[in-house]
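# Residue-level structure breakdown
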Amino acid sequence: MSTTSFVAQPTPTVPVATADRSGYAPPPAKATPARRPWKPWQRVLFRVAFPFFILMSLPSDLGWYKNLASIDWLHGHYRDVYDLARFSPSFFLKGGGEGGAPALLGYGNWFIALGLALLIGLVWTLLARKREEYEVLYYWLRVIVRFRAGIGIIGFGFTKVFPTQMPYPSIGLLNSDFGDMTAQKIFWLQIGIVPWYQVFTGVVELLAGVLLFFRRTTFLGAALLLGALGDIVFVNFAYDGGVHVYSSYFVLLAAFLLVQDVPNLYNLLIRERYTVPYHYYPRFKETWLRFTRLGLKVATIGIFLVYLTYLEYLNFTFDPYKQPAQKGVAELRGLYNVAEFRLNGRVLPYSPLDSVRWQQATFEKWTSFTYKVNRAHQLDLSNGGGSPMRDINRTFETTGLAGGQRVFYYDADPQTHTLYLQSKVLTGKAGRRGQARAKLEDNAQVRYRASLASWIPADAQARIGDETHAIHPAAWSTRRERGIKTEQKPEQRDRMTLTYRTTDGGRHVVLRGLIEQKDSLYVVLSRVDRTYTLSESALSAGQYETVEQPR
């Protein structure tokens, strides 16, 4: 890299001095330019480290660039910017991390990057054996790494500052058996029930990211990042959380940024000697370089702090990340015992061992209905993340939960009081993911509409409306519209069509209709006014109590 456009700032030749008996040692008197010859092992190590951290810090997935080019900045969604911040190195292996080969615990891409870096380092050493130092390249490598780490951890932290990553448990989860939950589910829920703690962890991550944007606070930011994400790595291994690779990624970047300060810390804290930090900073001579540097920093801060704050606020308020966004039927919300259960006209008495009769049911404040039955289903070990736009694909209520709890998404026809319910768990193949080209989307839309018409009448569809606009207009985004259209495709799910009516002032709910196996169902639900030990959080995501929005 050329050094003609900037010069080094003078720094002390001898950064470390020995203190006298009074405990004070004067700073070195002489100062000379910083660029000094490096030791041979330092040069070799740098020739490997430079390509390694470049490969680890810059996006290698073509999808990242497609997302960047497709963002509608005037109608943005938090996921647009979040996906810019959240990427992992991906070379020849899909997934970029957590889903890798078991023997490598998902770190396969890291070893590929290291192998490529060793090869580049070998060639570089053979071609540049006479080069004495790499101060300028080292400076710019640190710039790339600290901005990569800063942007990434800010994206991570915002989902906690606005607590949507680990939602407060739904009524269905509050009434699930503890022993039916995976360790991961229990951990996520125990953070979800204390949203202000979740906010605190987000603030720590956010602060670490902000400090990394400035070179004079890089040490503080890297130290904070190392401590915070080191704990998350351990939590993910201990609870099988599923994001151990991505959290390790930030620990690695933070450790790299701290390396140059380790000798200073050793001298100051262990040897108790007067220590002057020794850092190389270039000084830009040309005006356009100074303005370019300032412009890039302002743009980064503007996008990942100011703009993302606004988008995350909209997401938290109107369209929570893992939580369904549409309001459910208000008069049905609550926990119920199943007082009467008739299948094809035959009364089935209560039995906790019955594999058909429901035991309890819940209607959430959003569009979810659950019932419990003594029949196991396949366990979903994911954490309910990803970037689903449709409420039916937001599965946090059912992931990591065994036992017989069934979770359904429903569309409600307000005129006929009919619920069109679909299981949140697919019963067939999920389809060919990634084939989102326009032609395939059009075909999928045609098949989706035909599939929808086969069980929901056209007039009912008209009254139910389009999900895209079923949330507050302020949260509408191009991403949401595109995502919902992409996710609308024929799928194999258990379906029920049930009419509902309430009696006794809402104390009872009567459901009648056809269930998954086309059997006729008649159910009387009896409301349970349960007082929970947990008090509902005042920091709740979503809006479910407002006036209905026009569709």
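Sequence order sets the numbering: in each chain, residues are counted from 1 along the sequence as written. Predicted model: local features are reported for residues with pLDDT of at least 70 only, side-chain atom pairs are reported and counted for 80 or more only, and whole-chain, interface and lining totals are derived from all residues. The side-chain values count all of the structure's non-hydrogen atoms but skip hydrogen atoms and water molecules.

What follows concerns the nonpolar core. To define a nonpolar core, start from buried Ala, Val, Leu, Ile, Met, Phe, Trp, Tyr and Cys residues and group those joined through side-chain atoms within 4.5 Å. Using a 1.4 Å probe on the protein chains alone, a residue whose accessible area is under 20% of its type maximum counts as buried, one over 50% counts as exposed, and one in between counts as partly exposed. The biggest cluster of nonpolar side chains holds 70 residues, and the ones touching the most others in it are Phe46, Phe53, Leu141, Leu225, Leu229 and Tyr249. Where this core is concerned, the elements lending two or more residues are α1 (40-57), α3 (78-85), α4 (108-127), α5 (135-161), α8 (195-212), α9 (218-239), α10 (244-259) and α12 (287-318). Strands are runs of DSSP state E lasting at least 2 residues, helices are runs of H or I lasting at least 4, and numbering of each runs from the N terminus. Here the element with the most residues in this core is α5; it accounts for 15 residues. By definition in these notes, contact holds between two residues if any of their heavy atoms fall within 4.5 Å. What Phe53 contacts, discounting residues up to four positions off in sequence, is Leu141, Val145, Leu252, Leu253 and Phe256. Ranked by size, the runner-up nonpolar core spans 26 residues in total, among them Phe369, Leu419, Tyr500 and Leu521.

Further remarks concern the pattern of salt bridges. Oppositely charged side chains can form a pair if their charged atoms are brought close together. Each reported salt bridge corresponds to a side-chain nitrogen of Lys or Arg within 4 Å of a carboxyl oxygen of Asp or Glu. Across all of its chains, the model carries 16 salt bridges by this definition. The shortest N-O distance in the salt bridge between Glu205 and Lys160 comes to 3.3 Å. Of this pair, Glu205 sits in helix α8 while Lys160 sits in helix α5; the two residues are 45 residues apart in sequence, bridging distant segments of the chain. Among the salt bridges present, the one from Asp413 reaches Arg463, with a minimum N-O distance of 2.8 Å. With a gap of 50 residues between them, Asp413 in strand β11 (residues 405-413) and Arg463 in helix α14 (residues 458-464) connect regions that are remote in the sequence. Asp413 sits in the buried class, given a relative accessible area of 0%. One network of salt bridges, with partners in common, ties together Arg79, Asp80, Asp83 and Arg479.

Any helix carries an expected span of 1.5 Å times its number of residues minus one. For α9, which comprises 22 residues, the first-to-last C-alpha distance of 31 Å matches the rise-based estimate of 32 Å (1.5 Å per residue) to within 8%. Among the residues of α9, Thr218, Gly221, Ala222, Leu225, Ala228, Leu229, Ile232, Val233, Val235 and Asn236 are the ones counted as buried. Seen end-on, α9 carries its buried residues on one side only, within an arc spanning 160°. α9 presents Leu220, Phe234 and Ala238 as exposed residues on the side facing more than 90 degrees away from its buried surface. Against α5, α7 (183-192), α8 and α10 lie the buried residues of α9. Asp240 occupies a position one or two residues after α9 and carries a positive phi of about 55°. For this quantity, the arc is that covered by the directions from the helix axis to the C-beta atoms.

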